[in-house]
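# Chains, contacts and geometry: an overview
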Amino acid sequence: MVNQPLVKRNLKIPYANMRRLYRVKSLNKAKDGGTVSFGLKSKEKILTGQTIGAFKGKKVSYKEMLRRQELGLGGYTLGLLGTHNYLDCYVEAKSTPIKCLLSMANTANNLYAPNLERHLTSKDNNCRVVITTKTAILYATEDIEAGTEILWPYGTSYIMDF
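About the thresholds
Residues numbered from 1 in each chain as written. Predicted model: local features only at pLDDT ≥ 70, side-chain atom pairs only at ≥ 80, totals over all residues. Heavy atoms only, no water. Pairing = 2+ DSSP bridges. Helix = DSSP H or I, 4+ residues; strand = E, 2+ residues; numbered from the N terminus. Buried < 20%, exposed > 50% of the residue type's maximum accessible area, 1.4 Å probe, protein only. Axes fitted to C-alpha atoms, helices over the stretch in contact; angles between N-to-C directions. Salt bridge = Lys/Arg side-chain N within 4 Å of Asp/Glu carboxyl O. Polar contact = N/O pair within 3.5 Å; in protein donor to acceptor, adjacent residues only side chain to side chain. Core = buried A, V, L, I, M, F, W, Y, C linked by side-chain atoms within 4.5 Å.

What follows concerns the sheet that holds strand 2 (residues 29-30). What the three strands build is an open sheet, ordered 2-8-9; its pairing is antiparallel. The open sheet has two edge strands, strand 2 and strand 9 (118-119), and neither has a second partner. As defined by bridge partners, strand 2 adjoins strand 8 (residues 111-113) across two bridges and the pair is classed as antiparallel. Pairing of Lys29 across the sheet is with Tyr112, part of strand 8.

This is how it looks when you write it as structure tokens:
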């Protein structure tokens, strides 16, 4: 992982307005040239350290998480701190309307941004996730201008800079 200064959540700043977040068709491409379906943006500026929100999902065991992945219901899970449990946001991410909009946020790692004409790296992530024993909270590590895609590092398996 690239050494970057750790920006902490600033609890003095009010949470970002979740009603101002929206799903977009992502302009970014996967490293292999495949498409990235959606991305997440905000209609207003998000400040450094500002909490964007908490992921919504069902707490499941490791065994249940694996079972769901085998059924094709994986891809929106986060391991919970100090437990063998996961926050499974699949149903909430796929529902209409979307109940876990934060699940639309991508990682910059291994993406190609055609508008920038370059591959993105972990340095391009503008958010982090704080994981607790019960939930996962997304917050900004830098100012994010309105209309900028919200990106966070998914985990060590995704951290492969070019």
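Its location among the elements puts Lys134 in the loop between strand 10 (127-131) and strand 11 (136-140). Among the residues examined, Lys134 registers a relative accessible area of 66% and is labelled exposed. Each C-alpha atom, one on Lys134 and one on Ala146, is 30 Å from the other, the two residues being 12 residues apart in sequence.

Now for the sheet that holds strand 4 (residues 51-54). Read across the sheet, three strands follow the order 4-11-10 without closing on themselves; strand pairing throughout is antiparallel. Among the strands making up the open sheet, the edge pair consists of strand 4 and strand 10. Taken pair by pair, the neighbouring strands of this sheet meet at an average axis angle of 20°, ignoring direction. Note: strand 10 against strand 11, five bridges, orientation antiparallel. Along strand 11, the bridge assignment pairs Ile131 with Ala136.

Inspection of the entire model under this criterion finds seven salt bridges. In this structure, the salt-bridge partner of Lys45 is Asp143, at a minimum N-O distance of 3.6 Å. Here Lys45, found in the loop between strand 3 (38-42) and strand 4, pairs with Asp143, found in the segment after strand 11; they are 98 residues apart in sequence, far enough to count as distant. The class of Lys45 is partly exposed, set by a relative accessible area of 40%. Among the salt bridges present, the one from Lys45 reaches Glu145, with a minimum N-O distance of 3.5 Å. Taken as a pair, Lys45 in the loop between strand 3 and strand 4 and Glu145 in the segment after strand 11 lie far apart in primary sequence, 100 residues in all. Shared partners join several salt bridges into a network, and the residues in it are Glu64, Arg67, Arg68 and Asp88.

To continue, consider the side chain of Asn109. Residue position: Asn109 is located in the loop between helix 2 (90-94) and strand 8. Among the polar contacts listed, one links the side chain of Asn109 to the side chain of Thr107, at a separation of 2.9 Å. Side chain to side chain, Asn109 and Asn125 meet in a polar contact 2.7 Å long.

A general feature of soluble globular proteins is that nonpolar side chains tend to end up buried together. Ranked by size, the top nonpolar core spans 24 residues in total, and within it Phe55, Leu138 and Ile150 carry the most contacts. Among the elements of the structure, strand 10 and strand 11 are those that each provide at least two residues to this core. One finds Val36, Leu111, Ala113 and Leu151 within the second-largest nonpolar core, a separate group that totals six residues.

Bringing the environment of Arg19 into the picture now. With respect to the element layout, Arg19 can be found in the segment before strand 1 (21-25). When the C-alpha positions of Arg19 and Lys123 are compared, they lie 27 Å apart, and in sequence the two are 104 residues distant.

Any functional reading would require information beyond the geometric quantities listed.
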